[in-house]
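# Observations on the three-dimensional arrangement
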Amino acid sequence: MKQIKNNFIFFGAVHQDFVFELKNELIKYRTNPIKHYESYGGVAHNVAKVVATKEKVSLISLNSDKQTLDYLKKNKIDFLNLNKKIQKRYYAILLNKFKKLQLGIANTDAYEQCEVKTLNFRLIKKHIIIDLNFSEKLIKKIIDRYSKNNKIIICGTSPFKINKIKSHLKKIDCLILNKEELFKLTNIRSIHKSIKDIINKNPNINLVVSNGANKTYGYEQSQFVSFKPPKISVINENGAGDAMAGNYIYCRYKNLSLEKSLSLGVATGTIHAKSKKNTKFNEVDIKKVINKIKIKKEHLNVK
């Protein structure tokens, strides 16, 4: 049984991300010139990278090549592999010439196909952050194995994957979703009604719901607050929600309030969205954004 000393344990994806940005208007059924960018991605990786700037973290994922392992080490992310075989996986997005997302594609079947008979990690009093790239069977096994003595945090990942945790909502301490993942999970196309539906299933859950540039909602113990970020020119939309989640998770670990933590999280996501890749989040820039965030106490009085 392997003992992990780090307080933050991430289960999920790490792989290459490819960004294709159109130079002109899209011409269907023809070759279109693009700008091309590469970086590392995967929800668990993205969130871990933010937390790793402040706290020691471990990422548990599929085995990776030497280049990836060197990259993780450079970014202070301790890596542990669940399997031996190195399998190719990646994510790609297409942006229009105004940098707006047009299409995302994922070759991530390797995560779904990963089978783990036994979880040989001894984890007690840890923050366990799980993305939803692994199979439903494995995700449930992780939650069942560690929910009793640890804090379980789920990052939504995709509307196509969110139902993997539907039967385990009562074992989740914190759930971070975007609007479409929330709607898919509840089958209710109303943010307020969907949040109430989840709270009815788990009254103790800490829930964060992002609606992009509109509002981000936070709920915990009857406290319900919304945060409207300032208007910005979006440059790097990919991973902004993960940046928000990373700083929010870290701030809650440091016992900051729901309102303070989510203010810092939303500010971090905003800075990511308006900056080029490899953004460094400094306190001065975050404070400037926080001063422009509109915070409102919400009510769940819905029928």
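Throughout what follows, the structure given in this document is the object of discussion. Remember, it's a predicted structure, so these values are computed and weren't measured experimentally. (Residues numbered from 1 in each chain as written. Predicted model: local features only at pLDDT ≥ 70, side-chain atom pairs only at ≥ 80, totals over all residues. Heavy atoms only, no water.)

### A look at the packing of aromatic side chains
Across all of its chains, the model carries nine aromatic pairs by this definition. Ring centres of F18 and Y90 lie 5.9 Å apart, and the angle between their planes is 75°; on these two criteria the pair is classed as edge-to-face. Of this pair, F18 sits in strand β3 (residues 15-22) while Y90 sits in strand β7 (residues 90-95), and the two are 72 residues apart along the sequence. Look at F18 and you get buried, because its relative accessible area is 16%. Taken together through their ring pairs, the aromatic side chains of F8, Y250 and Y253 make up a single cluster. (Phe/Tyr/Trp six-rings, centres within 6.5 Å; stacked < 30°, edge-to-face > 60°. Helix = DSSP H or I, 4+ residues; strand = E, 2+ residues; numbered from the N terminus. Buried < 20%, exposed > 50% of the residue type's maximum accessible area, 1.4 Å probe, protein only.)

### What to know about helix α5 (residues 179-186)
Among the residues of α5, E181, L182, F183, L185 and T186 are the ones counted as buried. Of the surrounding elements, those touching the buried residues of α5 are β12 (174-178), α6 (191-201) and β13 (206-210). Where α5 starts, the residue carrying a side-chain oxygen 3.2 Å from the main-chain nitrogen of E180 turns out to be N178. Of the residues trailing α5, N187 is marked for its positive phi of about 60°. (Contact = heavy atoms within 4.5 Å. Polar contact = N/O pair within 3.5 Å; in protein donor to acceptor, adjacent residues only side chain to side chain.)

### Some points on the nonpolar core
Membership of the largest hydrophobic core comes to 46 residues, with the highest contact counts inside it found for F11, I165, L175 and I195. In terms of residues, this core owes the most to one element, helix α4 (residues 136-146), which gives five residues. Filtering out sequence-adjacent residues up to four positions away, I195 remains in contact with L182, L207, V209, Y217, Y219, F224 and L300. F8, C174, A245 and V289 belong to the second-largest nonpolar core, a separate cluster that totals 39 residues. (Core = buried A, V, L, I, M, F, W, Y, C linked by side-chain atoms within 4.5 Å.)

### Examining the pairing of strand β5 (residues 57-61)
The buried fraction of β5 amounts to five of the five residues, a majority that puts the element mostly inside the structure. Alternating positions in β5 separate into two faces, V57, L59 and S61 on one and S58 and I60 on the other, with burial throughout. In this structure, strand β2 (residues 8-11) lies alongside β5, joined through four bridges in parallel fashion. For F11, the partnering residue across the bridge sits in β5 and is I60. Relative to strand β6 (residues 77-81), β5 is paired through five bridges, and the arrangement is parallel. Each bridged residue has a counterpart across the sheet, and for I60 the counterpart in β6 is L80. As for the winding sense of the linkage, the β-α-β connection from β5 through helix α2 (residues 66-74) to β6 is right-handed. (Pairing = 2+ DSSP bridges. Right-handed = clockwise from strand over helix to strand, strands pointing away.)

### Quick notes on the packing of helix α7 (residues 240-253) against helix α8 (residues 258-273)
Between α7 and α8, the shortest axis-to-axis distance is 7 Å and the interhelical angle comes to 150°. Comparing their axes, α8 and α7 come out roughly antiparallel. Seen from above, α7 lies across α8 with right-handed handedness. Judged by residue contacts, A240, A243, M244, N247, Y248, C251 and R252 of α7 engage L258, S261, L262, L264, G265, V266, T268, G269, H272 and A273 from α8. For the contact of α7 with α8, the residue count by class is 10 nonpolar, six polar and one charged. (Axes fitted to C-alpha atoms, helices over the stretch in contact; angles between N-to-C directions. Parallel < 35°, antiparallel > 145°, perpendicular 65-115°, else oblique. Left-handed = near helix turned anticlockwise from the far one by under 90°. Nonpolar A, V, L, I, M, F, W, Y, C, P; charged D, E, K, R; others polar.)

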